[in-house]
Amino acid sequence: MVPVEQLHLSHVLQTVSALESIVLRSFGPEGGQVLFTRDTGQVMLSRNGKRILTALHLDHPLARMVVRCVWKHSTITGDGSKTFVLLLASLLRIIHATATKEPHMFQPHNSTEAAEAATARHLADRLLEFALTELDELIVLNVLPHGFCVSLDNFTAETQHNLSCQTLLVSFFRTRLGYAYCDFFRNLFCELLSHWKVKDDRPSFSIQFLNNSFPALHTQVSGVPVSCSRLIEGQVIHRDFATPCPQVRKQPLKAVVFNGYLQPKLLATQDVLELRCGDKVTEDRGIVHFSSWTERSVESIIATLQSFGVSVLLCALKQSSAVLAAATQAGMCLVECVSDEEISLFTQLSGVTPISDCWRIHPEHIATLTFCKPLLLGAHRNVHLDFHDCEERLKVKPCSLVICAPSEAQADQHACAFQDAFRMLLTALEPVCKTQTALEETIPSKKCTSLHADNISDETACRVHPHQKCVTETGCVISAGGTFEFLLHHALHQYGHSCSVSVNTSAVVPVSQLLAKALLSVPRQIYSHNLKHFLQAQTRVMALIPKQPHALCANFIHTEGPLGDGKLSSCKKGNISLKFLDLGLESVSCKYQLVLAVLQCLTNLLQTNMVLRTHTVLHTKSHDSLNAHLESSEDEDED
């Protein structure tokens with residue numbers, strides 16, 4: 001008989017609260033590092049919420065479910081893993097308090113626990129529905145007018161917009177790596193982007209390319225000070241030469257890439273070897289004769305490569321001793337067991353295609369290199385190469401990133417912060433409103449989402465000209481330190497108040513009020529060390545909000561000319577106050593995606609009411625699959 005465990009609302013709250021207590025140790029600018037010691041004795045040091053949560057050995061399926069939601073969100077947006085757990089726990093406490101106070105709010109049930117669970121599920125569904133239909137418009141009207149747009153066109157230019165973009169990166173690295181190295185890695189990050197920026201193309205193209213190719217573009221070096229981190233020209237292949245590499249080489253060099261074996265295999269997978277005796281044995285079918293034939297074929301392939309002037313061989317698979325001997329005799333450098341990511345990057349930068357059939361080698365398979373030489377980074381030898389005429393052909397300056405740190409854990413932490421910065425910028429470039437919607441409707445919407453689904457009314461809050469459109473700019477950022485939460489809290493509070501007045505009853509509390517209360521938990525935790533600072537920050541943000549009831553509609557900037565055409569832009573590009581830059585910046589789009597992800601996770605959690613305890617082996621596989629991505633990346637680094 002499979003054991004069954006009934007889940008109650010209090011159980012869900014206890015599970016998420018336990019995860020919250022773990023991530024709070026490293027939350028905010030004053031948060032510290034978390035040190036983990038694994039069963040193998042390996043030490044992991046991190047402030048990354050995703051790494052901290054995935055390193056836990058969790059027994060409860062609900063906890064693993066929450067961690068999986070956090071992992072998926074952070075993998076896409078690169079940020080917000082600790083805020084995710086904090087906001088989720090706050091929402092569960094508020095829903096638990098509301099459901100406990102009014103358990104039979106919607107329909108009667110046989111037991112109080114069943115009524116509380118049904119009420120909690122209904123509240124979560126209404127919250128998610130409200131966020132998917134109304135939240136983006138509230139952010140456009142009430143949050144974006146207090147932010148501005150950053151430009152990613154040129155990170156090195158000392159303009160005000162690029163200053164704000166660099167401030168966004170400093171704020172990100174400060175929460176990940178602390179105050180000591182945030183400026184250093186910001187400068188290194190901007191330098192990397194400037195090298196890989198494709199001329200006359202969108203910045204998002206370069207950022208997406210760097211994010212996809214990051215495993216092949218960076219090298220982690222331990223036992224070296226962080227200040228030794230740098231950029232080096234060309235590509236670094238994390239393998240050593242399998243054949244001797246002469247110190248002097250003519251310039252330029254010719255190189256090819258092989259996907260398979262250069263020497264034919266005697267037996268491949270699923271092949272059958274037939275052994276005969278007596279007169280039926282022929283010389284052509286002898287094993288010795290076959291081996292000598294394969295050696296002659298290797299010599300023929302090497303001769304063909306020499307006719308093309310090839311001197312560098314990059315192989316995805318480990319080659320036989322006969323191939324290594326032939327390459328050494330021909331004076332060729334051979335590198336074997338090159339990873340798929342490095343081969344993909346090499347082919348993209350060189351413009352060649354890998355060789356699948358060794359008997360069909362054509363000029364389009366041959367790449368031209370400026371140099372190819374060994375490179376010692378830390379205790380490991382690597383292959384360092386650069387491409388000929390790559391800057392003129394691809395309009396970029398290929399370079400590789402070397403990340404140094406005193407320990408492997410710190411180097412891994414810095415590398416994760418770098419890649420998450422790419423993901424954060426990609427999310428920041430996404431608009432909050434995916435489509436341009438005509439604001440003929442009222443803002444807030446014609447629907448007022450409340451605890452009671454029947455209370456829906458029409459109201460007029462802010463009317464814009466019917467032919468004008470609300471266009472959300474990309475790259476919108478806002479001052480950090482709880483500004484987004486304070487502004488959205490005020491907007492949700494006003495929205496809920498208008499809904500309560502429209503239905504003419506004080507008993508109905510809109511679900512927007514629940515979300516508004518939960519949002520304040522984020523700045524409360526940021527300023528948990530000093531309540532006075534929390535009140536000062538809230539007062540500062542509230543002073544930015546116009547006193548007139550509908551004055552926010554006037555904050556839109558009317559753009560004219562061919563770029564404007566009568567459209568309304570919600571994100572300013574005017575002067576930026578330095579006092580807001582001192583507080584740091586954060587992406588509005590990342591915050592919006594975070595709120596949606598938390599509400600979706602909340603709905604999934606509260607829809608679960610039973611746990612079936614299966615066999616321990618299945619349980620272990622479930623836990624291993626959660627950490628599959630993290631462990632695979634660590635194994636590659638160790639290799």
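None of the values given here were measured: they were computed from a predicted structure.

Attention now moves to the overall build of the protein. A count of helices and strands for the protein gives 21 helices and 20 strands. Looking at the protein as a whole, 50% of its 639 residues are labelled buried. For the protein, long-range pairs separated by at least 24 residues make up 76% of all intrachain contacts whose partners lie at least 6 apart in sequence. When the accessible surface of the protein is split by element, carbon and sulfur atoms take 52% of a total near 30,500 Å².

Take the packing of aromatic side chains next. In total, this model carries 14 aromatic pairs according to the counting rule given. Ring plane angle 35° and centroid distance 6.4 Å describe the contact between Phe173 and Phe185, whose orientation is recorded as tilted. Placement of the pair is Phe173 in helix α6 (residues 160-177) and Phe185 in helix α7 (residues 182-196), with a sequence separation of twelve residues. Given the relative accessible area of 0%, Phe173 is considered buried. Seen in terms of ring centroids, Phe486 and Phe534 are 5.6 Å apart; in terms of plane orientation they differ by 55°. Their pairing is tilted. Remark: Phe534 occurs in helix α17 (residues 531-542) and Phe486 occurs in helix α14 (residues 483-502); sequence separation between them is 48 residues. Site record: aromatic cluster; members linked through ring pairs are Phe172, Phe173, Tyr181, Phe184, Phe185, Phe189, Phe214, Phe418 and Phe422.

An order of β7-β12-β11-β8-β9-β10 is seen for the six strands of this open sheet, with the pairing classed as mixed. Lying at the two open borders of the sheet, with one neighbouring strand each, are β7 (235-237) and β10 (333-335). On average, each strand axis in the sheet is inclined to that of its neighbour by 35°, with strand direction left out of account. Pairing of strand β8 (residues 253-258) with strand β9 (residues 310-315), which is carried by five bridges, proceeds in the parallel orientation. Its bridge partner being in β9, Val257 is matched across the sheet by Leu314.

A few words now on the pattern of salt bridges. Under the criterion given, the structure shown has eleven salt bridges. Across the pair Lys591 and Glu485 runs a salt bridge, and its minimum N-O distance is 2.8 Å. Linking Lys591 in helix α19 (residues 588-606) with Glu485 in helix α14, this pair joins segments that are 106 residues apart in sequence. Taken as a pair, Lys591 and Glu485 share a single burial class, namely buried. In this structure, a network of salt bridges that share partners links the residues Arg176, Asp420 and Arg423.

Moving on to the side chain of Ser229. For Ser229, the position within the fold is in the loop between β5 (218-222) and β6 (230-233). With a relative accessible area of 6%, Ser229 lands in the buried category. In this structure the side chain of Ser229 is engaged in a polar contact, spanning 3.0 Å, whose partner is the backbone oxygen of Val226. Here the side chain of Ser229 touches Cys404 through a polar contact of 2.8 Å, landing on its backbone nitrogen. When residues no more than four places from it in sequence are discounted, the contact partners of Ser229 are Phe184, Phe185, Leu188, Val402, Ile403 and Cys404.

Right, let's get into helix α13 (residues 408-428). Residues spaced three or four apart along an α-helix point in a common direction, a consequence of the helix completing one turn every 3.6 residues. Taking 1.5 Å as the rise per residue, α13 with 21 residues should run 30 Å; its terminal C-alpha atoms sit 30 Å apart, in good agreement. With 18 of 21 residues buried, α13 is to be regarded as a mostly interior element.

Let us look at the environment of Ile302. With respect to the helices and strands, Ile302 occurs in helix α9 (residues 287-307). Apart from the residues within four sequence positions on either side, Ile302 is in contact with Leu313, Ala326, Ala330 and Met332.

Another aspect to go through is the sheet that holds strand β16 (residues 476-479). Strand order across the open sheet formed by three strands is β4-β16-β19, with antiparallel pairing between neighbours. The open sheet terminates on both sides in strands that have one partner only, identified here as β4 (148-149) and β19 (585-587). The sheet contact formed by β4 and β16 spans two bridges and is antiparallel. Looking across to β16, one finds that Cys149 is bridged to Cys476. α19 rests against β16 and β19 of the sheet, and its axis sits at about 55° to β19.

On to unusual backbone geometry, then. A positive phi angle is found at Cys337, which is not glycine, with a value near 60°. Within the element layout of this structure, Cys337 appears in the loop between β10 and α11 (340-350).

To continue, consider the nonpolar core. Counting residues in hydrophobic clusters, the biggest one holds 83 residues, and the most contacted among them are Leu88 and Leu602. Ignoring anything within four residues of it in the chain, the contact list for Leu602 reads Leu88, Leu91, Leu92, Ile95, Ala124 and Leu127. Core analysis: the second largest hydrophobic core is formed by 68 residues, Leu210, Phe241, Ala255 and Cys590 among them.

Right, let's get into the environment of Arg68. Secondary-structure assignment places Arg68 in helix α3 (residues 61-77). Relative accessible area serves as the criterion here: at 31%, Arg68 is assigned to the partly exposed category. With 15 residues separating them along the chain, Arg68 and Leu53 place their C-alpha atoms 9.2 Å apart.

Bringing the confidence of the model for the protein into the picture now. Note: predicted coordinates in regions of low pLDDT should not be interpreted at a detailed level. Per-residue confidence for the protein gives a mean pLDDT of 78, with 73% of residues at or over 70. Counting interchain partners and residues more than four positions distant, the pLDDT-below-50 stretch residues 504-508 has six contacts. Within the model, the stretch residues 573-579 combines pLDDT values under 50 with twelve contacts to residues more than four positions away or in other chains.

The subject of this paragraph is the pairing of β8. When you tally the buried positions in β8, you get five out of six residues, the bulk of the element. Looking at chain direction, β8 and strand β11 (residues 367-377) are connected through three bridges and run antiparallel. Across the sheet, the residue bridging to Leu253 is Leu369, located in β11.

The rules behind each value
- Residues numbered from 1 in each chain as written.
- Predicted model: local features only at pLDDT ≥ 70, side-chain atom pairs only at ≥ 80, totals over all residues.
- Heavy atoms only, no water.
- Helix = DSSP H or I, 4+ residues; strand = E, 2+ residues; numbered from the N terminus.
- Buried < 20%, exposed > 50% of the residue type's maximum accessible area, 1.4 Å probe, protein only.
- Contact = heavy atoms within 4.5 Å.
- Areas by Shrake-Rupley, 256 points an atom, 1.4 Å probe, with all protein chains shown as cover.
- Phe/Tyr/Trp six-rings, centres within 6.5 Å; stacked < 30°, edge-to-face > 60°.
- Pairing = 2+ DSSP bridges.
- Axes fitted to C-alpha atoms, helices over the stretch in contact; angles between N-to-C directions.
- Salt bridge = Lys/Arg side-chain N within 4 Å of Asp/Glu carboxyl O.
- Polar contact = N/O pair within 3.5 Å; in protein donor to acceptor, adjacent residues only side chain to side chain.
- Expected span 1.5 Å × (residues − 1).
- Core = buried A, V, L, I, M, F, W, Y, C linked by side-chain atoms within 4.5 Å.
- pLDDT = per-residue confidence, 0-100.

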